[in-house]
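Chain by chain, the residues:
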Amino acid sequence: MTLQTIKTPGDTSWFVKDRFGMFIHWGLYALPARHEWVKQIEQIPDSIYDKYFKHFDPDLYDPDLWAKAASNAGMKYLVVTSKHHEGFCLWDSALTDYKATNTPYGKDLLQPMINAYRTQNMKVGFYHSLIDWHHPHFIVDNVHSMRNSPDRDKMNEGRDQSKYTEYLHGQVKELLTQFGKIDILWFDFSYPNPENDPYIGKGRTDWKSEELYKIVRDLQPNIILNDRLDLDEGWDIKTPEQFQPREWVKVNGQPVVWEACQTFSGSWGYHRDESFWKSVEQLIQMLIDTVSKGGNLLLNVGPTGRGEFDARALDRLEGMGKWMKQHSRSIYGCTQAPDGFTAPPDCRFTWNPDKKRLYLHVFSWPIGQIHLDNFAGKVEYAQLLNDASEIRMSDIPAHQVVHEGEMHNTLTLNLPVVKPNVTVPVIELFMK
Ligand code: GLC
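None of these values were measured; they are calculated from a predicted model.

**Concerning the environment of Glu380**
Then step 1. In this fold, Glu380 is placed in strand S13 (residues 379-384).
Then step 2. When sequence neighbours within four positions are dropped, the list of residues in contact with Glu380 reads Met393, Phe430, Met431 and Lys432.

**Considering the sheet that holds S13**
Then step 1. Pairing is antiparallel across the open sheet formed by four strands, whose spatial order is S10-S11-S16-S13. The two strands at the open ends of the sheet, each matched to only one other strand, are strand S10 (347-352) and S13. Strand-to-strand twist in this sheet, taken as the mean axis angle between neighbours without regard to direction, amounts to 20°.
Then step 2. Where S13 meets strand S16 (residues 426-431), five bridges bridge the pair, whose relative direction is antiparallel. The partner of Tyr381 across the bridge, within S16, is Phe430.
Then step 3. Helix H10 (residues 280-292) contacts S10 and strand S11 (357-362) of the sheet and is inclined by roughly 55° relative to S10.

**Things to note about helix H7 (residues 161-177)**
Then step 1. The end-to-end C-alpha separation of H7 is 24 Å, in line with the 24 Å expected for 17 residues at 1.5 Å each.
Then step 2. Burial of H7 is extensive: twelve of the 17 residues sit out of reach of the surface.
Then step 3. Along H7, the positions that sit buried rather than exposed are Gln161, Tyr164, Thr165, Tyr167, Leu168, His169, Gly170, Gln171, Val172, Glu174, Leu175 and Leu176.
Then step 4. Summarising the contacts, the buried residues of H7 are in contact with strand S2 (77-83), helix H5 (110-119), strand S3 (123-129), strand S4 (184-188), helix H8 (204-207) and helix H9 (209-219).

**Let's talk about the environment of Leu28**
Then step 1. Turning to its location among the elements, Leu28 is positioned in the loop between strand S1 (20-24) and helix H2 (38-41).
Then step 2. As a C-alpha pair, Leu28 and Gly269 span 241 residues in sequence and 9.3 Å in three-dimensional space.
Then step 3. Ignoring sequence-local partners within four residues, the contact set of Leu28 consists of Tyr49, Tyr52, Phe53, Phe56, Glu86, Phe88 and Tyr98.

**What about the packing of helix H4 (residues 63-72) against H5?**
Then step 1. The N-to-C vectors of H4 and H5 enclose an angle of 40°; their axes lie 8 Å apart at closest approach. In terms of orientation, H4 and H5 fall into the oblique class. The hand of the H4/H5 crossing is right-handed. Here H4 contributes Pro63, Asp64, Trp66, Ala67 and Ala70 to the contact with H5, which in turn contributes Pro112, Met113, Ala116 and Tyr117.
Then step 2. Here the contact of H4 with H5 is built from residues that sort into eight nonpolar, no polar and one charged.

**Notes on the site of the ligand**
Then step 1. Lining the immediate surroundings of the ligand are 14 residues, of which His25, Glu36, His84, His85 and Glu241 lie closest.
Then step 2. For the ligand, an oxygen atom lies 2.9 Å from a polar atom in the side chain of Trp37.
Then step 3. When the ligand is considered free in solution it has 310 Å² of accessible area, and contact with the protein chains removes 94% of it.
Then step 4. For the shell around the ligand, the class distribution of residues is seven nonpolar, three polar and four charged.

**Looking at H4**
Then step 1. Three or more residues of H4 are buried, namely Pro63, Trp66, Ala67, Ala69 and Ala70. Relative to the axis of H4, the buried residues are bounded by an arc of 160° and lie together on one face. The exposed residues of H4 that point more than 90 degrees off its buried face are Leu65 and Asn72.
Then step 2. Those residues of H4 that are buried lie in contact with S1, H5 and helix H11 (311-327).
Then step 3. Among the residues trailing H4, Gly74 stands out with phi positive, at a value near 100°.

**Examining the pattern of salt bridges**
Then step 1. Under the counting rule described, the total for this entry stands at 23 salt bridges.
Then step 2. Of the charged contacts in the structure, one is a salt bridge between Arg228 and Glu241, with a shortest N-O distance of 2.9 Å. One end of the pair, Arg228, is in the loop between strand S5 (224-225) and strand S6 (250-251); the other, Glu241, is in the loop between S5 and S6, and 13 residues separate them in sequence.
Then step 3. Residue class for Arg228 comes out buried when judged on its relative accessible area of 12%.
Then step 4. The exposure class of Glu241 is partly exposed, given its relative accessible area of 36%.
Then step 5. Where Arg357 meets Glu428, a salt bridge forms, and the shortest distance between an N and an O atom there is 3.1 Å. Here the residue Arg357 occupies a position in strand S11, and Glu428 occupies one in strand S16, the gap between them amounting to 71 residues. Like Arg357, the residue Glu428 is buried in the burial classification.

**Some details on the sheet that holds strand S15 (residues 411-414)**
Then step 1. Across the sheet, three strands lie side by side as S12-S15-S14; this open sheet has antiparallel pairing. Looking at strand neighbours, the two that pair on one side only are strand S12 (369-372) and strand S14 (392-394), the edges of this open sheet. Across the sheet, the mean angle separating the axes of adjacent strands is 25° when strand polarity is ignored.
Then step 2. Pairing of S14 with S15 involves three bridges; the strand directions are antiparallel. Looking at S15, one finds that Arg392 is bridged to Asn414.

Parameters at a glance
- Residues numbered from 1 in each chain as written.
- Predicted model: local features only at pLDDT ≥ 70, side-chain atom pairs only at ≥ 80, totals over all residues.
- Heavy atoms only, no water.
- Helix = DSSP H or I, 4+ residues; strand = E, 2+ residues; numbered from the N terminus.
- Contact = heavy atoms within 4.5 Å.
- Pairing = 2+ DSSP bridges.
- Axes fitted to C-alpha atoms, helices over the stretch in contact; angles between N-to-C directions.
- Expected span 1.5 Å × (residues − 1).
- Buried < 20%, exposed > 50% of the residue type's maximum accessible area, 1.4 Å probe, protein only.
- Parallel < 35°, antiparallel > 145°, perpendicular 65-115°, else oblique.
- Left-handed = near helix turned anticlockwise from the far one by under 90°.
- Nonpolar A, V, L, I, M, F, W, Y, C, P; charged D, E, K, R; others polar.
- Near = heavy atom within 4 Å.
- Polar contact = N/O pair within 3.5 Å; in protein donor to acceptor, adjacent residues only side chain to side chain.
- Areas by Shrake-Rupley, 256 points an atom, 1.4 Å probe, with all protein chains shown as cover.
- Arc of directions from axis to C-beta.
- Salt bridge = Lys/Arg side-chain N within 4 Å of Asp/Glu carboxyl O.

Below you can see the structure in the form of structure tokens.
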């Protein structure tokens, strides 16, 4: 039996088949190029942070190139930051001046991006920050960039959080009415506190999450909504961030639709000096590992201030695309293997329930054989996925049984000595 997730209001039917999406974090923080939280980390006041607004001019921005790079990598959907915590908006919002059209670049960045990704047949969605370190009515709390300012109390005197909330709701209405069908909405993030004190943290009372939720479902009933509005119900996906869950993500013991969001190097925004980039092999293994546990992978790119994906990002996307070209059928439409199919050491299974094919992803190439316990008599045919070359199967040879003690209804796959020339070899098992 394949695991069944609980039913939620949004349409996740395409999502659990597509499995692989691109996250984009793009804003003024691409200029300091040292973390999208730079304003908060370095406690930069608006008067200084303003230099990035004045110099934001991504003259090389060509969203067609981005969308092609994503599609060639095998990605099937986009989630882009309409606004991040710094408050800067990529689209021409009627509710603020703090937007791309008022920078030296002078044009809307969002609509062309949406168009480009749709042209590649990708689904599109927005990440929209609940937090806003620029809005004059957002109460300066303990997470705010001005949290340690001697003027903090004075700053807060004239602030009315409900005015910010009105702005937040208004912008969400814009995003859900001006760009056609939106497939995903990703709010980020809530950090409630027991006293419901907006000077300490913020959650459902501050965002008026229930009202916001109604707006969202009213305007885009089938949209997939993430889980960071601080509401117990109504969300469609759980979003573990920057770690790989050990098993299918569950809520109250029930498996749910989930999506791991991951970075290439730690920061979400463009970071010039970060050196610990994950390798192509690690990223492919991450994607496989996610699908083997019934999840999706949302992998982030932080474009530069000139409007490009940098060479390191392009290298990773190309490497993943090369692998996906030959192996995507072990990803799309796949999920966790049914109970009782336990992957051997250094391997992951993914399973296509419609085709009844099991994919054995081999992370470390062994010598000669892989033994699959409890598989005897269950597999009709086996092949390497990259070149459709047959993998011969046998029961464990008698002389080996003598050394290994009892048999476990084992099916043995006989492998070539040399690892196939692909980043992660996959053996496709056609089940009887
Ligand atoms: C976080 C961070 C952030 C990033 C996000 C992605 O909560 O605030 O910068 O956008 O996670 O999941």
